[in-house]
Amino acid sequence: MRDRALYFPYINVPNQRWLTRMLLYWDSVASIVPSEYRRRPEELAPHMQDLLAAGLVEQVFPAAYIFDVDDFDNPFINYLLERMRYRRQRGGFAPAGMRRFSRIHIEKMGGIADELVRLGVARPSTYPWYEVESWVAAAFMAYLATVLGRLPTINSTPVTNDLLSFRLLGARYPTRENSQVRAHSRAIILNHIFPNPKQPVAVVELADFKARHGDLLRRLRRTVEEKCIQLASTPDVRTRDELTRIVAEELAEQVRHVEEAMRVRWTDVVFSGLASILGAAGALSATPPDQLPARVFGGLSLAAATSQAFGIGRQRDDAFRSPLAYAAVANVRFGNRDE
């Protein structure tokens, strides 16, 4: 099971609510960044700089990896040639003046850049950038993130807030892990069990939360990933979507139960224990003291209070042992923010 996520298609991880969920769910999130930004980090977006400083986001410099990948260029070029033939048959190419382009840094493309220019789907821009037709750029970034993520030194699950990238590459060539299907199921489940604050959570708060509860996170992720693997084995799309919804709702219900158990405070335990003692004493106040067994105040009533308090404490302990405890804690911490 992979514990990290590799974000694409952009250098700067977006400062959106989606990012809050990704940072809460994965041990860390990495982004594919040209090595020149290592020397000039001030050119990154301010939010990206904060994420890097807090250790919530890491940088993956592609030049350190793609030239060591056996046959990095050909699989994507072959895929692209087939897609171009398909689009040509369907009349899917826009006139030259209406084509949309996206910028990609030369360091991310290796030897593919020259071939894209030759095929007419890219053109050199201000060095070190190339302008690549947007549908090609989306597919390439999905390909790059998938290849890098499989390297043992990176070992990360590709994630994106733009599903077009996965769809372009995965519609006809799904990965052996069926990662697109699992990503779809994972997104639905996380939408159900994680908080949804109206604004992104501050970087400092996220870093502090993960430092405190990282042990709970790993149990949650193992549970969710096991569910996603099981769901991916269902071949029928409609059936799989229905099962995913059911699983998500069941997990959300379990999270709510864990939240309720966690909300019991120590003051509630003390108060309930004290009430038991006072209640027992009040009920016995009419009885002459010399007729009371010695064990009543020292034994039965106090034992009942202690038992009750112990039961509540055990309930909280059980809640924290739940695989869903991390999601429950996150909801308690971040879930009620309206600002």
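Conventions we followed
Residues numbered from 1 in each chain as written. Predicted model: local features only at pLDDT ≥ 70, side-chain atom pairs only at ≥ 80, totals over all residues. Heavy atoms only, no water. Pairing = 2+ DSSP bridges. Helix = DSSP H or I, 4+ residues; strand = E, 2+ residues; numbered from the N terminus. Axes fitted to C-alpha atoms, helices over the stretch in contact; angles between N-to-C directions. Contact = heavy atoms within 4.5 Å. Phe/Tyr/Trp six-rings, centres within 6.5 Å; stacked < 30°, edge-to-face > 60°. Lys NZ or Arg CZ within 6 Å of the ring centre and 35° of its normal. Salt bridge = Lys/Arg side-chain N within 4 Å of Asp/Glu carboxyl O. Buried < 20%, exposed > 50% of the residue type's maximum accessible area, 1.4 Å probe, protein only. Core = buried A, V, L, I, M, F, W, Y, C linked by side-chain atoms within 4.5 Å. Expected span 1.5 Å × (residues − 1). Parallel < 35°, antiparallel > 145°, perpendicular 65-115°, else oblique. Nonpolar A, V, L, I, M, F, W, Y, C, P; charged D, E, K, R; others polar.

### Some remarks on the sheet that holds strand β2 (residues 28–32)
Within the open sheet, the four strands sit side by side as β3-β2-β1-β7. Their pairing is parallel. Two strands close off the open sheet at either side, each with one partner strand: β3 (57–60) and β7 (156–159). Within the sheet, the average angular offset between the axes of one strand and its neighbour, ignoring direction, is 35°. In the sheet, β2 pairs with β3 via four bridges, with the strands oriented parallel. In the strand pairing of β3, Ser31 is matched with Gln59. In the packing of helix α3 (residues 46–54) onto the sheet, contacts are made with β2 and β3, and the angle to β3 comes to roughly 100°.

### Remarks on the sheet that holds strand β6 (residues 129–133)
The three strands are arranged β4-β6-β5 in an open sheet whose pairing can be described as antiparallel. Across the chains shown, the open sheet's two edge strands, defined by having one partner strand only, are β4 (101–105) and β5 (122–124). Put simply, the sheet's adjacent strands are angled 30° from each other on average, direction ignored. Across three bridges, β5 lies against β6 in antiparallel orientation. Bridge pairing in β6 places Ala122 opposite Val132.

### Notes on the packing of aromatic side chains
Counted by the stated rule, this structure contains eleven aromatic pairs. Members of the aromatic cluster, connected to one another through ring pairs, are Tyr25, Trp26, Phe194, Phe209, Tyr326 and Phe334. The ring of Trp129 has Arg103 sitting right over it, with the charged end atom 4.1 Å from the ring centre. Just above the ring of Phe101 sits the side chain of Arg123; from NZ or CZ to the centre is 3.8 Å.

### Brief notes about the pattern of salt bridges
Evaluation of the coordinates by the stated rule reveals 17 salt bridges. Across the salt bridge formed by Glu253 and Arg256, the nearest N and O atoms sit 2.6 Å from each other. Of the two residues, Glu253 and Arg256 both sit in helix α11 (residues 237–262), three residues apart, roughly one turn of that helix. Take Glu253: its relative accessible area is 33%, and that puts it in the partly exposed class. Where salt bridges share partners, they join Asp3, Asp27, Arg218 and Arg221 into one cluster.

### Some points on the nonpolar core
With 52 residues, the main nonpolar core has Ile189, Ile193, Phe194 and Leu220 as its most contacted residues. For this core, the elements supplying multiple residues, two or more each, are β1 (4–7), α1 (17–25), α3, α9 (179–193), α10 (203–232), α11 and α14 (325–334). With nine residues, the single largest contributor to this core is α10. Ignoring anything within four residues of it in the chain, the contact list for Ile189 reads Val224, Lys227, Cys228, Leu231, Val247, Ala248 and Leu251. Val69, Ile104, Ala122 and Met141 belong to the second largest nonpolar core, which has 38 residues in total.

### Looking at helix α7 (residues 134–150)
Between the first and last C-alpha of α7 there are 24 Å, a value that for 17 residues agrees with the 24 Å anticipated at 1.5 Å per step. Taking burial as the measure, the 17 residues of α7 include 16 buried ones, the bulk of the element.

### Focus: the packing of α10 against α14
Their axes nearest at 8 Å, the elements α10 and α14 cross at an angle of 155°. With respect to each other, α10 and α14 are oriented roughly antiparallel. Here Glu205, Asp208, Phe209, Lys210, His213, Leu216, Leu217 and Leu220 of α10 come into contact with α14, specifically with Ala325, Tyr326, Ala327, Val329, Ala330, Arg333 and Phe334. Along the lines of polarity and charge, the residues of the contact of α10 with α14 split into ten nonpolar, one polar and four charged.

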